[in-house]
Amino acid sequence: MRYVFGTAALLALCLGKHRPALIRSLFHPAAIALGVLNFLNQTSWTWGCYGAEATVAQLISKINLVFIILLSWMIFREERAVIRHPLYIAGTAVSFVGVTLVLMTDPASFAPRIDFYTIMLLLTSVGWAIYSVWGKHLVRDIHPLPMFTAVAVYSTIGFWATSEAFGTTERPWSVPAAILVTAAVSGAISIAGSH
């Protein structure tokens, strides 16, 4: 529901102000792929959070910052000086050690607990890093507002298809009006604003 409202707000804005760029973005293969990646990231994040403790989920997801810098280093030359800095290298090592320690549930063993939910959270972390770096790369050639509107459109299509396959698309609209308004405001502000 939130994505429907957020995407509607973005479409209204782009149809009024960036129509030609929106049409190009809707058919741009990279925007389509980024929308699919956004959908997959949010789906794996939901699965991961469903079975992991909130603290563990947040700590694993924050490791995406390390992946963002690594990917940026590979793609953007201006990022390479950051990676060579000793403080970055030390911070990266501490981050990985910290996440590993959090995942160690058995004090007698030094092996981290890697279950389905942890794998989903790690995939989400890598996926968000790819999304962030790829999005930065794309907005060099495509106006960001229409491009991220196209991403929201394809993400919404993915959520709708998932709802159809595993639930229902009619049920969310039958909620009390206050919840519907909350979803509308949250979608228009949070989803549209973040895209």
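Right above here is the structure, for reference.
Relative to the 16 Å expected for twelve residues at 1.5 Å per residue, helix H5 (residues 64-75) spans 16 Å between its end C-alpha atoms, a close match to the ideal helical length. Those residues of H5 that sit buried are Asn64, Val66, Phe67, Ile68 and Ser72. Contacts made by the buried residues of H5 are with helix H4 (54-62), helix H7 (86-103) and helix H8 (116-138).

As a further point, take the nonpolar core. Judged by nonpolar contacts, the single largest core of 16 residues is most densely connected at Ile60, Ile63, Val99, Leu103 and Leu121. Leave out the neighbours within four places in its chain, and isoleucine 60 touches Val99, Leu103, Thr118, Leu121, Leu122 and Ser125. Membership of the second largest hydrophobic core comes to 15 residues, among which are Ala30, Met147, Phe148 and Val151.

What follows covers the side chain of asparagine 38. Within the secondary structure, asparagine 38 sits in helix H3 (residues 29-51). Taking the relative accessible area as the measure of exposure, asparagine 38 reaches 2% and is therefore buried. Those residues in contact with asparagine 38, other than ones at most four positions away along the chain, are Tyr3, Trp128, Tyr131, Val151, Ser155 and His195.

On to a nonpolar patch on the surface. A cluster of nonpolar side chains, contributed by Ile32, Val36 and Leu40, occupies part of the molecular surface with about 220 Å² of accessible area. Mapping valine 36 onto the fold places it in helix H3. Accessibility expressed as a relative area gives 41% for valine 36, which makes it partly exposed.

Here we take up the packing of H4 against H7. Relative to each other, H4 and H7 sit at 155°, their axes nearing to 10 Å. The orientation of H4 with respect to H7, classified from their angle, is roughly antiparallel. As for how H4 packs across H7, the hand of that crossing is left-handed. Facing Val56, Leu59 and Ile60 of H4, the residues of H7 in contact are Val99, Val102 and Leu103. Classifying every residue of the contact of H4 with H7 by side-chain character gives six nonpolar, no polar and no charged.

Looking now at the packing of aromatic side chains. Enumeration over the complete set of coordinates arrives at six aromatic pairs. Ring centres 6.1 Å apart and planes at 50° place the aromatic pair tryptophan 47 and phenylalanine 116 in the tilted group. You can see tryptophan 47 sitting in helix H3 and its partner phenylalanine 116 sitting in helix H8, a full 69 residues away along the chain. Its relative accessible area of 46% is what places tryptophan 47 among the partly exposed residues. By the ring-pair criterion, three or more aromatic residues cluster together here, those being Tyr3, Phe39 and Phe159.

Attention now moves to the side chain of threonine 118. Relative to the assigned elements, threonine 118 resides in helix H8. The buried category is assigned to threonine 118, whose relative accessible area is 1%. Here the side chain of threonine 118 touches aspartate 115 through a polar contact of 2.8 Å, side chain to side chain. Excluding its chain neighbours within four sequence positions, the residues that come into contact with threonine 118 are Ile60, Leu103 and Arg113.

Cut-off values and rules
- Once a new chain begins, its residue numbering starts again from 1 and follows that chain's sequence as written.
- Totals for whole chains, interfaces and linings use every residue, but because this is a predicted model, local features are given only for residues with pLDDT of at least 70 and side-chain atom pairs only at 80 or more, for both listing and counting.
- In computing side-chain properties, one takes all heavy atoms of the structure into account and sets aside hydrogens as well as water.
- The helix count covers DSSP runs of H or I at least four residues long, the strand count covers runs of E at least two residues long, and both are numbered beginning at the N terminus.
- Here the expected span of a helix is defined as 1.5 Å times the quantity of residues minus one.
- For each residue, the accessible area found with a 1.4 Å probe, counting protein chains only, is set against the maximum for its type, and the residue is called buried under 20%, exposed over 50%, and partly exposed in between.
- Whether two residues are in contact is decided by their heavy atoms, any of which lying within 4.5 Å being enough.
- Buried Ala, Val, Leu, Ile, Met, Phe, Trp, Tyr and Cys residues that are joined via side-chain atoms within 4.5 Å together make up what is termed a nonpolar core.
- The residues that make up patches have over 30% relative accessible area and no salt bridge, and they are joined within 9 Å when like-charged or within 5 Å when they are Val, Leu, Ile, Met, Phe, Trp or Tyr.
- The method behind every accessible area is Shrake-Rupley, applied with a 1.4 Å probe, and residues are considered shielded solely by the protein chains displayed.
- Any Lys or Arg side-chain nitrogen found within 4 Å of a carboxyl oxygen on Asp or Glu counts as a salt bridge.
- Axis lines are fitted through C-alpha atoms, for helices just across the contact stretch, and the angle between N-to-C directions can take any value from 0 to 180 degrees.
- Between 65 and 115 degrees an angle is taken as roughly perpendicular, under 35 as roughly parallel, over 145 as roughly antiparallel, and anywhere else as oblique.
- By convention, the crossing between two helices is left-handed when the near helix turns anticlockwise from the far helix through less than a right angle, and right-handed when the turn is clockwise.
- Only Asp, Glu, Lys and Arg are considered charged, only Ala, Val, Leu, Ile, Met, Phe, Trp, Tyr, Cys and Pro nonpolar, and every remaining residue, Gly among them, polar.
- The criterion for an aromatic pair is that two Phe, Tyr or Trp rings (for Trp, the six-membered ring) have centres within 6.5 Å, with stacked assigned to planes under 30 degrees apart, edge-to-face to planes over 60 apart and tilted to the rest.
- We call two N or O atoms a polar contact when they sit within 3.5 Å, provided that within protein one can donate a hydrogen and the other can accept it, with sequence-adjacent residues counted only if both atoms are side-chain atoms.

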